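One-letter residues, chain by chain:
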Amino acid sequence: MKESNTASDQANINASNAEELYARISSDQALTQSLFRQALQDPTGSLERIVELGQAFDLPVTVQEVRSYIATLDDIDSKQWLVKARGGL
C-alpha cells in the first residue's frame, strides 16, 4: 500500500508541477508566443520544449502530464492554443 501512496503522491506533485510550469510560461509573453508559433508547425516539438523548460525550472513533467493539465484548462487563450496545436496534443 505504501508504494501505491508514493506513486499517487508523485502523480500529484507532477500535476502541480505542470500547473506551476504553465503559470510561468503564461507569464512570459515572448515565450508563450514562441511556443504557440512552434505548436503551429511542430506540435510534438513544442511539447518536448515544454518538458525541457520544466527541467530547467526544476518542475519536471512528462508530455502526458502536460497534455492532461492543458486538457483541464477552460480559458479562451488555452482553448485557442489547443485548437491550433491539436495534432500534438
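Conventions used here
- Residues numbered from 1 in each chain as written.
- Predicted model: local features only at pLDDT ≥ 70, side-chain atom pairs only at ≥ 80, totals over all residues.
- Heavy atoms only, no water.
- Core = buried A, V, L, I, M, F, W, Y, C linked by side-chain atoms within 4.5 Å.
- Buried < 20%, exposed > 50% of the residue type's maximum accessible area, 1.4 Å probe, protein only.
- Helix = DSSP H or I, 4+ residues; strand = E, 2+ residues; numbered from the N terminus.
- Contact = heavy atoms within 4.5 Å.
- Lys, Arg positive; Asp, Glu negative; His and termini not counted.
- Salt bridge = Lys/Arg side-chain N within 4 Å of Asp/Glu carboxyl O.
- Polar contact = N/O pair within 3.5 Å; in protein donor to acceptor, adjacent residues only side chain to side chain.
- Expected span 1.5 Å × (residues − 1).
- Axes fitted to C-alpha atoms, helices over the stretch in contact; angles between N-to-C directions.
- Parallel < 35°, antiparallel > 145°, perpendicular 65-115°, else oblique.
- Nonpolar A, V, L, I, M, F, W, Y, C, P; charged D, E, K, R; others polar.

A.B. asks: What should I look at first to understand the nonpolar core in this one?
C.D. replies: Nonpolar side chains in soluble globular proteins tend to end up buried together. Within the largest apolar cluster, 15 residues are counted, with the highest numbers of intra-cluster contacts made by L21, I25, L35, I50, L53, V61 and V66. Of all the secondary-structure elements, those providing two or more residues to this core are helix 1 (2–26), helix 2 (29–41), helix 3 (43–56) and helix 4 (63–72). If one sorts the elements of this core by residue count, helix 3 sits on top with four residues. Discounting chain neighbours no more than four positions away, the residues touching I25 are L31, T32, L35, I50 and L53.

A.B. asks: Help me understand the side chain of E65 in this model?
C.D. replies: Among the secondary structure elements, E65 is positioned in helix 4. Within the buried set, E65 has no salt-bridge partner at all; the shortest N-O distance to an opposite charge, 12 Å, is to R67. Among the polar contacts listed, one links the side chain of E65 to the backbone nitrogen of T62, at a separation of 2.7 Å.

A.B. asks: When you look at helix 3 in this model, what are you seeing that I'm missing?
C.D. replies: Helical periodicity: at 3.6 residues per turn, an α-helix aligns residues three or four positions apart in one direction. For helix 3, spanning 14 residues, the distance from its first C-alpha to its last is 20 Å, which sits close to the expected 20 Å at 1.5 Å a residue. By the burial criterion, the buried members of helix 3 are P43, G45, S46, L47, I50, V51, L53 and G54.

A.B. asks: Looking at this structure, I do not really get the packing of helix 3 against helix 4. What am I missing?
C.D. replies: Pairs of packed helices are described in terms of their axes, by the angle between the two and the distance that separates them. Contact geometry of helix 3 with helix 4 gives a least axis separation of 9 Å together with a crossing angle of 100°. With respect to helix 4, the element helix 3 is oriented roughly perpendicular. Each of L47, I50 and V51 in helix 3 lies in contact with helix 4, whose residues at this interface are V63, V66 and R67. Counted by class, the contact of helix 3 with helix 4 contains five nonpolar, no polar and one charged residues.

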